[in-house]
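Given next are the chains, with one letter for each unit.
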Amino acid sequence: MTETPAKPAEPEATGSGSAKAAISDFGIDTTSMSTAEAVRDYLSRLRAGQLGSLPALLGLIVLVAVFAGMSDVFLSLNNIANLLAQGAGQTIIAMGIVFVLLIGEIDLAAGTASGVTAAVMAMHYVENGNLLGGMGSTVFYIFVLVLGIGAALAIFLRLWVGAVLSVVAIAIAMLGIAADPWVEMLLALCVGAAIGSITGFLVSKIGMPSFVVTLALFLAWQGVILQFIGDGGVLGISSSSVLDKVANGNLSTFGSWLLFVVGAGGFAAVTLGRHFTRLKRGLVTQPTPLVLFKVGGVAVLGAVATYLLTINRAPSPTIVISGVPYVVPIVLVLLTIGTYVLNRTRYGRHIYAVGGNAEAARRAGINVTKIRASVFVVSSAVAAVGAIVYSSKVGSVDPQAGGLNTLLFAVGAAVIGGTSLFGGKGRVFDAVIGGTVLAVVANGLGLLKQPAAVVSIVTGLVLLLAATVDALSRRRAAASPR
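Just so it is clear, the model here is predicted, and its values are computed rather than measured.

Student: Is there a simple way to explain the overall build of the protein chain in this structure?
Tutor: Within the protein chain, the secondary structure is distributed over 21 helices and 2 strands. Relative to the globule expectation of 23 Å for 482 residues, the C-alpha radius of gyration of the protein chain, 25 Å, shows essentially globular dimensions. If one aligns the C-alpha atoms of the protein chain with their principal axes, the spans along those axes are about 105 × 55 × 45 Å. Residues counted as buried form 43% of the 482 residues belonging to the protein chain. Within the protein chain, residue pairs in contact and separated by at least 24 positions form 77% of the contacts whose partners lie at least 6 positions apart. Carbon and sulfur atoms make up 67% of the accessible area of the protein chain, which totals about 23,900 Å². Positive and negative side-chain charges in the protein chain, numbering 29 and 19 respectively, have mean positions lying 6 Å apart.

See the structure below:
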């Protein structure tokens with residue numbers, strides 16, 4: 001009987017062959033779509049309720065058109081620059097709140113927490129670093145004790161960034177470091193991280209509802225602000241050129257165009273690099289014409305905005321006011337960092353996983369407790385940055401810093417932009433869009449001489465409409481076939 005010769009072993013696939021084998025084994029989608037197919041797919045997702053920030057963008061366009069038609073001043077260069085600075089503080093706070101909303105929680109204390117950081121920052125500046133003399137010995141040592149508790153809880157939860165920042169705040173307070181604008185801003189950020197560590201521990205480890213915890217802390221931090229500043233008191237920071245320029249200064253013409261080159265160039269490099277890398281690996285991606293259109297659109301809009309903002313917008317010909325406001329690069333940096341963290345890091349994927357289904361995330365090995373605590377540290381720390389901006393805008397800190405409207409507008413900005421109150425859906429960019437909508441409403445109605453009552457009513461209706469759209473879109477998405 002003749003034996004069948006053994007079939008020689010096939011060589012192992014290498015290079016692109018192994019990549020194709022891996023793709024085949026794991027069922028990765030490699031189907032490329034044409035531009036028309038991509039547009040049809042996007043429209044089908046809209047019909048299925050996946051609206052994202054589209055309603056906010058359409059609403060923003062309508063609001064701009066309405067106010068431009070009703071006021072000759074609305075689209076003036078001076079008003080546009082002021083509008084950017086007016087809404088920056090609440091927009092930045094909203095960017096931090098997005099992280100909390102993504103896991104289905106709420107941070108009602110973000111506003112007054114930012115007020116506490118602003119009060120500490122202003123007191124450190126006014127007292128030339130002597131917080132002990134400004135607060136009094138009893139209040140000062142309680143303040144340091146709270147910072148120590150925040151550091152200890154952060155260590156217990158293994159939130160090392162929160163722990164380090166809390167310890168830095170203790171060091172600045174205890175050492176009595178002389179007043180310096182950069183030290184004041186660092187102190188505000190560190191105090192915010194300590195506050196977030198306390199909030200995160202109560203919510204994630206103790207298991208208290210975030211609504212109850214942050215509502216209680218909202219009231220507590222309001223009392224702390226009153227204690228620091230005094231009823232009717234004011235701490236001025238306008239004499240500091242650096243702190244004053246945060247919200248009121250502008251880049252030079254060269255700096256403005258440099259910002260455009262870095263921003264637009266960086267966006268193009270990252271977007272095109274990721275796109276062509278996915279094409280090279282045979283992975284599904286958007287059609288190249290759409291990607292090029294997106295990059296080109298950002299470049300054109302950025303160039304037009306930079307050109308307009310570098311024109312002298314001073315009402316008097318003897319004064320020169322030009323350049324992109326400093327708040328623009330601040331918001332862009334926070335937007336870039338937040339977007340990268342949520343989209344390109346394991347931590348960001350864990351946040352979305354916990355927001356989508358906390359139990360499934362726990363079973364997958366994600367430390368749900370740590371993730372839930374960490375987002376409150378992010379929220380309070382970013383709220384401190386917002387406090388620096390809005391305190392710079394008004395040049396002082398009073399007992400109403402970070403009060404009710406600041407918080408509600410910040411939460412409203414995130415929701416209006418498209419971040420879901422139910423968790424698992426949203427982007428940092430949503431807060432920027434929503435914050436712009438609220439800033440346009442307040443600015444436009446102010447130019448039309450409308451009273452505060454009308455501004456509150458319109459803002460509330462806009463927020464109610466956004467929440468309704470969110471609920472209806474989720475219902476439609478749940479009813480749509482997978």
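Student: Explanation requested: helix α14 (residues 288–309) in the structure shown.
Tutor: Each full turn of the α-helix corresponds to 3.6 residues, which orients residues three or four apart in the same direction. Relative to the 32 Å expected for 22 residues at 1.5 Å per residue, α14 spans 32 Å between its end C-alpha atoms, a close match to the ideal helical length. Along α14, the residues that are buried comprise Val291, Val295, Thr306 and Leu309. For α14, the angular spread of the buried residues around the axis is 75°, confining them to a single face. Among the exposed residues of α14, those pointing more than 90 degrees away from its buried face are Pro289, Phe293, Val300 and Leu301. For α14, the elements touching its buried residues are α4 (77–86) and α13 (253–280).

Student: Which parts of the structure should I look at to understand the environment of Asn128?
Tutor: Along the polypeptide, Asn128 turns up in the loop between α6 (110–126) and α7 (131–135). Note on Asn128: relative accessible area 48%, which makes it partly exposed. Contact partners of Asn128, with chain neighbours within four places excluded, come to Ile177, Ala178 and Ala179.

Student: Any chance you could explain the layout of surface pockets here in plain terms?
Tutor: A probe as big as a water molecule, rolled over the atoms, marks out the empty space that is left. Its boundaries defined by the atoms lining it, the second largest pocket holds a volume of some 650 Å³. Forming the walls of the second largest pocket are 23 residues, and the residues nearest its centre are Gln86, Gln90, Tyr390, Thr406 and Phe409. Element by element, the count of residues in the lining of the second largest pocket is highest for helix α18 (residues 368–394), at 5 residues. Broken down by class, the residue content of the lining of the second largest pocket amounts to 11 nonpolar, 10 polar and 2 charged.

Student: Hey, could you run me through the pattern of salt bridges in this one?
Tutor: Side chains that differ in sign of charge can pair as their charged atoms come close. What the rule picks out here adds up to 4 salt bridges. The partner of Glu359 in a salt bridge is Arg362, with the nearest N and O atoms 2.5 Å apart. Of this pair, Glu359 and Arg362 both sit in helix α17 (residues 358–363), separated by 3 residues, roughly a single helical turn. Glu359 gets classed as partly exposed once you look at its relative accessible area, which sits at 36%. One connected set of salt bridges, linked through shared partners, spans Glu359, Arg362 and Arg363.

Student: Explain a positive patch on the surface here, please?
Tutor: On the surface, Arg274, Arg278, Lys294, Arg344, Arg346 and Arg349 cluster together into a patch of positive charge. Looking at the positive patch, the elements that each hand over two or more residues are α13 and α16 (346–356). Tracing the backbone through its elements, the reader meets Lys294 in helix α14. On the basis of relative accessible area, Lys294 is assigned to the partly exposed category, the value being 39%.

Student: Would you mind showing me how to read unusual backbone geometry here?
Tutor: When glycine is set aside, most residues are seen to have a negative phi, and most peptide bonds are trans. The phi torsion at Asn128 lies on the positive side, around 55°, for a residue other than glycine. With a phi angle near 65°, Lys449 is a residue other than glycine that sits in the positive phi range. Topologically, Lys449 is positioned in the loop between α20 (428–447) and α21 (452–479). A residue is classified by how much of its surface remains accessible, and Lys449, at 73% relative accessible area, is exposed.

Student: Just checking my understanding: could you explain the packing of aromatic side chains for this structure?
Tutor: In this description, a pair of aromatic rings is defined by centroid distance and the angle of the planes. Here the structure, examined in full by the defined rule, presents 5 aromatic pairs. When the centroid spacing of 6.1 Å and the interplanar angle of 70° are considered together, the rings of Phe156 and Phe201 count as edge-to-face. With Phe156 in helix α8 (residues 137–156) and Phe201 in helix α10 (residues 181–204), this residue pair connects regions lying 45 residues apart in the sequence. Exposure remark for Phe201: the relative accessible area of 15% places this residue in the buried category. Taking 5.7 Å as the distance between ring centres and 90° as the angle between the ring planes, the aromatic pair formed by Trp257 and Phe260 counts as edge-to-face. With Trp257 and Phe260 both in helix α13 and 3 residues apart, this pair spans about one turn of that helix.

Student: Which parts of the structure should I look at to understand the environment of Ser53?
Tutor: Residue position: Ser53 is located in the loop between α2 (35–47) and α3 (54–70). Separated by 408 residues in sequence, Ser53 and Leu461 place their C-alpha atoms 18 Å apart. Beyond its immediate sequence surroundings of up to four residues, Ser53 is in contact with Gly417, Arg427, Phe429 and Asp430.

Student: Even after reading the chapter, I still don't get helix α5 (residues 88–102), so can you show me in this structure?
Tutor: Between its first and last C-alpha, α5 extends 21 Å over 15 residues, near the 21 Å set by a 1.5 Å rise per residue. At Gly96, α5 shows its strongest bend, of approximately 30°. Across the 15 residues that make up α5, a large majority, 15, are buried. With its phi angle positive at about 80°, Gly104 sits one or two positions after the end of α5.

Student: How do you make sense of the side chain of Ser379 when you look at a structure like this?
Tutor: Take Ser379: it is sitting in helix α18. With residues near it in sequence (within four places) discarded, Ser379 still touches Gly96, Ile97, Val100, Asp107 and Ala110.

Student: Just to check I follow, could you spell out a nonpolar patch on the surface for this structure?
Tutor: Together, Trp257, Val300, Val304, Tyr307, Leu308 and Ile311 make up an exposed nonpolar region whose accessible area comes to about 520 Å². Take the nonpolar patch: its biggest share by element is 4 residues, from α14. Tracing the backbone shows Val300 in helix α14. On the basis of relative accessibility, which here comes to 52%, the residue Val300 falls in the exposed class.

Student: Explain the packing of α6 against α10 here, please?
Tutor: Any two packed helices are characterised by how steeply their axes cross, that is the angle between the axes, and by the distance between the axes. Where α6 meets α10, the axes come as close as 9 Å, and the angle between the chain directions of the two elements is 145°. The handedness of the crossing between α6 and α10 comes out as right-handed. Residues Ala113, Val116, Thr117, Val120, Met121, His124 and Tyr125 of α6 lie in contact with α10, whose contacting residues are Val183, Glu184, Met185, Leu187, Ala188, Val191, Gly192 and Ile195. Partitioning the contact of α6 with α10 into residue classes produces 11 nonpolar, 3 polar and 1 charged.

Rules and cut-offs
All residue numbers here refer to positions counted from 1 along the written sequence of the relevant chain. Restriction of local features to residues with pLDDT of at least 70 applies here, the model being predicted, together with a cutoff of 80 or more for giving and counting side-chain atom pairs; totals for whole chains, interfaces and linings are based on all residues. Note that water and hydrogens are dropped before the side-chain values are worked out from all heavy atoms of the structure. Secondary structure is summarised from DSSP: a helix means a run of H or I of at least four residues, a strand means a run of E of at least two, and numbering begins at the N terminus for each. Here the globule rule reads 2.2 Å times residues to the power 0.38, and the radius of gyration is calculated from C-alpha atoms. Burial classification: accessible surface area is computed with a 1.4 Å probe over protein chains only, and a residue below 20% of its type maximum counts as buried, one above 50% as exposed, and the rest as partly exposed. Contacts: residue pairs with any heavy atoms within 4.5 Å of one another. Areas reported here follow the Shrake-Rupley algorithm with a probe of radius 1.4 Å; residue values treat only the protein chains shown as occluding. Under the counting rule used here, the positive set is Lys and Arg, the negative set is Asp and Glu, and His together with the chain ends is not counted. The atoms used to mark charge sites are NZ of Lys, CZ of Arg, CG of Asp and CD of Glu. By this rule, a helix spans an expected 1.5 Å times one less than how many residues it contains. Taking the helix axis as origin, the arc is that swept by the directions to the C-beta atoms. Cavity: a set of points on a 1 Å grid over the protein atoms alone where a 1.4 Å probe fits but cannot get out. Pocket: an open set with protein on both sides within 12 Å along at least five of seven lines, its lining residues, like those of a cavity, having an atom within 4 Å of a point. Grid points are joined across faces, edges and corners, and a volume is the space filled by probe spheres set on the points. Residues are sorted three ways: Asp, Glu, Lys and Arg are charged, Ala, Val, Leu, Ile, Met, Phe, Trp, Tyr, Cys and Pro are nonpolar, and all the rest, Gly among them, are polar. Any Lys or Arg side-chain nitrogen found within 4 Å of a carboxyl oxygen on Asp or Glu counts as a salt bridge. Surface patches are drawn from residues lacking salt bridges whose relative accessible area is over 30%; two like charges belong together within 9 Å, two nonpolar side chains (Val, Leu, Ile, Met, Phe, Trp, Tyr) within 5 Å. Only the six-membered ring of Trp is used, alongside the rings of Phe and Tyr, when aromatic pairs are assigned; centres must lie within 6.5 Å, and planes under 30 degrees apart are stacked while those over 60 apart are edge-to-face, with the rest tilted. Note on bend: the value at a residue is the angle between axes fitted to the seven residues ending there and to the seven starting there. Lines fitted to the C-alpha atoms define the axes, with helices restricted to the stretch that makes contact. Angles between their N-to-C directions range from 0 to 180 degrees. Should the near helix be turned anticlockwise from the far one by less than a right angle, the crossing is termed left-handed; should it be turned clockwise, right-handed.

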